[in-house]
Amino acid sequence: MTIPGPTSQTFISQRLRLNYLDWGNRGKPPLVLVHGGRDHARSWDWVAEELCQDWHVVAMDHRGHGDSDWVSDGNYSASDMVYDLAQLVHQLGVGPVTIVSHSMGGNVSLRYAGTFPDMVAKIVAIEGLGPSPKRQEELRAKPYPERLNEWIGKKRAASGRSPRKYESIEAAFARMIEENSYLTEEQARHLTIHGVNRNEDGTYSWKFDPHLNVWPVEDIADEFLHQTWAAITAPTLLLYGADSWASNPEGDGRLDHFANADVIEFANAGHWLHHDQFDRFMKTLRDFL
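This is a predicted model, so every value here is computed, not measured.

**Student:** It is not clear to me how the overall build of the protein chain should be interpreted in this structure. Could you clarify?
**Tutor:** Regarding its fold elements, the protein chain presents 11 helices and 10 strands. Across its three principal axes, the protein chain shows a C-alpha extent of roughly 50 × 45 × 40 Å. Here the protein chain holds 289 residues, and 51% of them are scored as buried. Partitioning the contacts of the protein chain with sequence separation of at least 6, the portion at a separation of at least 24 is 72%. With the model as given, the accessible surface of the protein chain reaches about 13900 Å², and the carbon-plus-sulfur share is 49%.

In structure tokens, the structure reads:
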């Protein structure tokens, strides 16, 4: 980072104290950065640094992530996260906003954009549509009672699991590199430093709630999700990494549910393409904005 960092702020959403980073320039057009699952707001620092001179950049920590509160019952739903995003924008008192989002955050942001179309000027979602139709079909091939039974077992196991402890920050850094080999050492160290808490015994643990490893058995019905995507009026850009596990919506039919969306695929990039191909991502982003 070559400029002073952001200020850390809080807002209240459904009795939770949630964190967001404010990069200043409140008089500029508002731009909200929304991170993905088991990630945190500081994952956007490189993007924010590039844009904060021309935009009022805000990056939120989802519930259960970063420096935001964990939920007491360990249950995280997309609808609650949409409420959180709506509450953040509402309390900022700005809008319409431009949104740049990733993965789970993209899923949440696209739902917000369809629910409050007048509040979104433009939206970018990096691999934010969730499981592909093919993956959904595979998951639903197993009867719902069996899936619910498995979910209960996983939730029970998660309730007794303490956050994993790393003896040193170097060990946590090694795990970060293992998770995404595309990261440079500088990126991985930055994400690790801001992604861990130091425990009383001197060890380090990731900030995200371990319950985030267990998602609900079913989300809202497909038809309701498709209705929400179709309700988005803002220009929409859907980005995908060619080497990612995620399915490109241009080929699996999901793009048909959008009224005003384009898809761009990034070569030599995985799920975190905004890290993997940062320069190309920023050029694409600036051209779209």
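**Student:** In this structure, what is going on with the nonpolar core? I would like to understand it.
**Tutor:** Nonpolar side chains in soluble globular proteins tend to end up buried together. Core analysis: the largest hydrophobic core is formed by 79 residues, its most contacted members being Leu 238 and Phe 281. Among the elements that line this core, the one with the most residues is helix α2 (residues 78-92), at seven residues. For Leu 238, the residues in contact, after removing those within four places along its chain, are Leu 110, Ala 125, Leu 129, Pro 249, Leu 255, Phe 258, Ala 261, Asp 262, Val 263 and Ile 264.

**Student:** I would appreciate a short explanation of the pattern of salt bridges in the present structure.
**Tutor:** Side-chain pairing between opposite charges can occur once the charged atoms of the two side chains come close. For the coordinates displayed, the defined rule picks out 17 salt bridges. Where Arg 189 meets Glu 170, a salt bridge forms, and the shortest distance between an N and an O atom there is 2.8 Å. In this pair, Arg 189 sits in helix α7 (residues 185-195) while Glu 170 sits in helix α6 (residues 169-179), placing the two residues 19 residues apart along the sequence. Among the residues examined, Arg 189 registers a relative accessible area of 29% and is labelled partly exposed. Classification of Glu 170 by relative accessible area gives partly exposed; the value is 40%. Each of Arg 140, Arg 147, Glu 218 and Asp 222 takes part in one network of salt bridges that share partners.

**Student:** Mind showing me how you'd approach the pairing of strand β4 (residues 56-60) here?
**Tutor:** Successive side chains on a regular strand alternate, one facing one side of the sheet and the next facing the other. Counted residue by residue, β4 has five buried out of five residues, so it is predominantly covered. Of the two faces of β4, the one holding His 56, Val 58 and Met 60 and the one holding Val 57 and Ala 59 are both buried throughout. Relative to β4, strand β2 (residues 16-22) runs antiparallel, the two sharing three bridges. Bridging from a neighbouring strand, Leu 21 pairs with Ala 59 of β4. Across five bridges, the pairing between strand β3 (residues 30-34) and β4 is parallel. Within β4, the position partnered with Val 32 by the bridge is Val 58. Traced from β3 through helix α1 (residues 45-51) to β4, the parallel crossover comes out right-handed.

**Student:** How do you make sense of the side chain of Ser 101 when you look at a structure like this?
**Tutor:** If you trace the backbone, Ser 101 turns up in strand β5 (residues 97-102). A relative accessible area of 0% places Ser 101 in the buried class. Here Val 124 takes part through its backbone oxygen, which lies 2.8 Å from a polar atom of the side chain of Ser 101. Non-local contacts of Ser 101, meaning those with residues more than four positions away in its chain, are made with Val 34, Trp 44, Gly 106, Ser 109, Val 124, Ala 125 and Ile 126.

**Student:** Any chance you could explain the packing of aromatic side chains here in plain terms?
**Tutor:** Describing an aromatic ring pair means giving the distance of the ring centres and the angle of the ring planes. In this structure the tally under the stated criterion is four aromatic pairs. Ring centres of Trp 229 and Phe 258 lie 5.2 Å apart, and the angle between their planes is 20°; this geometry places the pair in the stacked category. In this pair, Trp 229 is assigned in helix α8 (residues 222-230) and Phe 258 in the loop between α9 (249-252) and β10 (261-266), connecting sequence segments 29 residues apart. Among the residues examined, Phe 258 registers a relative accessible area of 10% and is labelled buried. The positively charged end of Lys 122 is found above the aromatic ring belonging to Phe 288, 5.3 Å away from the centroid. Lying across the ring of Phe 266, Arg 280 places its NZ or CZ 4.1 Å from the centre.

**Student:** Just to check I follow, could you spell out the packing of helix α3 (residues 104-115) against α8 for this structure?
**Tutor:** Think of two packed helices as two axes; the pair is described by the angle between the axes and how far apart they sit. At a closest axis distance of 7 Å, the pairing of α3 and α8 adopts a crossing angle of 65°. When the axis of α3 is compared with that of α8, the two are roughly perpendicular. Between α3 and α8 lies a crossing whose hand is left-handed. Counting all contacts with α3, which are made through Leu 110, Arg 111, Gly 114 and Thr 115, the residues of α8 involved are Leu 225, Thr 228 and Trp 229. When grouped by side-chain class, the residues that make up the contact of α3 with α8 number three nonpolar, three polar and one charged.

**Student:** What should I look at first to understand the UniProt feature "domain: AB hydrolase-1" (unreviewed entry) in the protein chain in this one?
**Tutor:** The UniProt record annotates "domain: AB hydrolase-1" (unreviewed entry) at residues 29-276. The straight-line gap between the two end C-alpha atoms of residues 29-276 is 27 Å; of that span, 39% is helix and 17% is strand.

The rules behind each value
Residues numbered from 1 in each chain as written. Predicted model: local features only at pLDDT ≥ 70, side-chain atom pairs only at ≥ 80, totals over all residues. Heavy atoms only, no water. Helix = DSSP H or I, 4+ residues; strand = E, 2+ residues; numbered from the N terminus. Buried < 20%, exposed > 50% of the residue type's maximum accessible area, 1.4 Å probe, protein only. Contact = heavy atoms within 4.5 Å. Areas by Shrake-Rupley, 256 points an atom, 1.4 Å probe, with all protein chains shown as cover. Core = buried A, V, L, I, M, F, W, Y, C linked by side-chain atoms within 4.5 Å. Salt bridge = Lys/Arg side-chain N within 4 Å of Asp/Glu carboxyl O. Pairing = 2+ DSSP bridges. Right-handed = clockwise from strand over helix to strand, strands pointing away. Polar contact = N/O pair within 3.5 Å; in protein donor to acceptor, adjacent residues only side chain to side chain. Phe/Tyr/Trp six-rings, centres within 6.5 Å; stacked < 30°, edge-to-face > 60°. Lys NZ or Arg CZ within 6 Å of the ring centre and 35° of its normal. Axes fitted to C-alpha atoms, helices over the stretch in contact; angles between N-to-C directions. Parallel < 35°, antiparallel > 145°, perpendicular 65-115°, else oblique. Left-handed = near helix turned anticlockwise from the far one by under 90°. Nonpolar A, V, L, I, M, F, W, Y, C, P; charged D, E, K, R; others polar. UniProt positions renumbered as here; feature names shortened; annotations may be inferred.

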